[in-house]
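Fold and contact review
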Amino acid sequence: MKFIVSSSYLLKQLQVLGSVINSSNTLPILDNFLFELDHKILTVSASDLETTMSATLEIDSTSKGSVAVPAKLLLDILKTFPEQPLTFTVEENSTIEISSNSGKYAIAYAPGEEFPKSVSLDNPSSTVVPSEVLATAISKTIFAAGNDDLRPVMSGVFFQFSPEGLIFVATDAHKLVKYARTDVKASEVADFIMPKKPLNILKGILGTSESDVTIEYNDSNATFSFDSYVLTCRLIDGKYPNYEAVIPKENPNKLMINRVLLLNSVRRVAIFSNKTTHQIRLKIAGAELNISAEDIDYSNKAEERLTCDYQGDDMQIGFNSRFLSEMLTNLQSDEIMLEMSMPNRAGILTPIDGLDDGETVTMLVMPVMLNN
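Residues numbered from 1 in each chain as written. Predicted model: local features only at pLDDT ≥ 70, side-chain atom pairs only at ≥ 80, totals over all residues. Heavy atoms only, no water.

What follows deals with the UniProt feature "domain: DNA polymerase III beta sliding clamp central" (unreviewed entry) in the protein. Taking the numbering used here, the UniProt-annotated feature "domain: DNA polymerase III beta sliding clamp central" (unreviewed entry) corresponds to residues 129-242. Annotated as residues 129-242, this span is 19% helix and 41% strand, and its ends, taken at the C-alpha atoms, are 25 Å apart. (UniProt positions renumbered as here; feature names shortened; annotations may be inferred. Helix = DSSP H or I, 4+ residues; strand = E, 2+ residues; numbered from the N terminus.)

This brings us to the sheet that holds strand 16 (residues 212-217). Spatial ordering of the open sheet is given by 10-6-2-3-4-18-17-16-11, a layout of nine strands whose pairing is antiparallel. Taken across any chain shown, the strands that pair with only one partner, and hence form the sheet edges, are strand 10 (110-111) and strand 11 (125-130). Pairing between strand 2 (residues 32-38) and strand 6 (residues 64-70): seven bridges, direction antiparallel. Note that in strand 6 the partner of Leu37 across the bridge is Gly65. Lying on the sheet, helix 1 (residues 7-18) is in contact with strand 2, strand 3 (41-47), strand 4 (51-58) and strand 18 (229-234); it crosses strand 4 at an angle near 170°. (Pairing = 2+ DSSP bridges. Contact = heavy atoms within 4.5 Å. Axes fitted to C-alpha atoms, helices over the stretch in contact; angles between N-to-C directions.)

As a further point, take the packing of helix 5 (residues 259-270) against helix 6 (residues 321-330). Orientation of helix 5 relative to helix 6, taken along the N-to-C sense of each, is 150°, at an axis distance of 10 Å. Overall, the two elements helix 5 and helix 6 adopt an arrangement that is roughly antiparallel. Once helix 5 is placed against helix 6, the crossing between them reads as left-handed. Taken together, the residues of helix 6 that come into contact with helix 5 (itself represented by Arg259, Leu262, Leu263, Val266, Arg267 and Ala270) are Ser321, Leu324, Ser325, Leu328 and Thr329. (Parallel < 35°, antiparallel > 145°, perpendicular 65-115°, else oblique. Left-handed = near helix turned anticlockwise from the far one by under 90°.)

Turning our attention to the sheet that holds strand 28 (residues 367-368). If you walk across this open sheet you meet the five strands as 22-21-20-24-28, and the pairing is antiparallel. Across the chains shown, the open sheet's two edge strands, defined by having one partner strand only, are strand 22 (300-307) and strand 28. On the sheet, helix 6 packs against strand 20 (279-285) and strand 24 (315-320) and is oriented at approximately 85° with respect to strand 24.

Take a look at the structure:
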């Protein structure tokens, strides 16, 4: 088994696949990349048993075969090469030899048969989504997903496909984000919960991709195929909470304000808030928004006044400043609207401008009790 490949081309693909591999694996074989050669096509795969990703490279070769090569060692040596062709030759003594312009390097390999086989989906449903839509949907929602191992369904992003459009939801019970598109549709109704790790990998590579992503899914697994990559992952098992029930429908109090202005103000005032509750107080009266925080333990306090466009009753509401600034950072619009009904009901944050046609973003933040 022998093939020739460009060093930078191989490194670029392996760095993407390397993000699948865990730092500590129970099975030693999972610390390897699987190289499967079929004449001019080389398929490289990486897996952690939950998520498997493969990339297809076009190379120069006339042989067939499969070997598992240590991932860290291979990445370390490839990073040091300037752009040049490398010749990989599998030797009889269980080593793979890499020949470069300046020398030869031998790496011990394992037989390719030992590597876990990737899951093939039985009669899956399929939907095609433009890569930029999927990349935006992931980056808009993933920050709101929880980290609680006791509630695994909330640690992922909920994908809801229907002929009316696509909806992506993430929540950790304190904050919720719903990202919807009506300009991209699925042929049939389906929903599944995607884990965070594969979504973070997708987010990293979809930004540079121009092509469409084909998503195939059944009850237990989902596959994302685009460009030369195929990513298959196990879905989170369980029923997603009814998020629509949490979003308040009647919100008579509407506050409109510049996003950056509010974000900077919240960040400044939050420095003076209590270090455990991160509580800040929003007091709205007429066209004036008063943002304040106080840390009674250390006698630190801050207060800022902003002018805003407000319709509704005068009110005071408390929020966790970390959640609020996270959401405001994630939005890209110039102006935002904060809709509220009562101090003990969730506030709804939506962008006023900067959205594509058919795109809606709804962010929901739970209030904290104010101690007057």
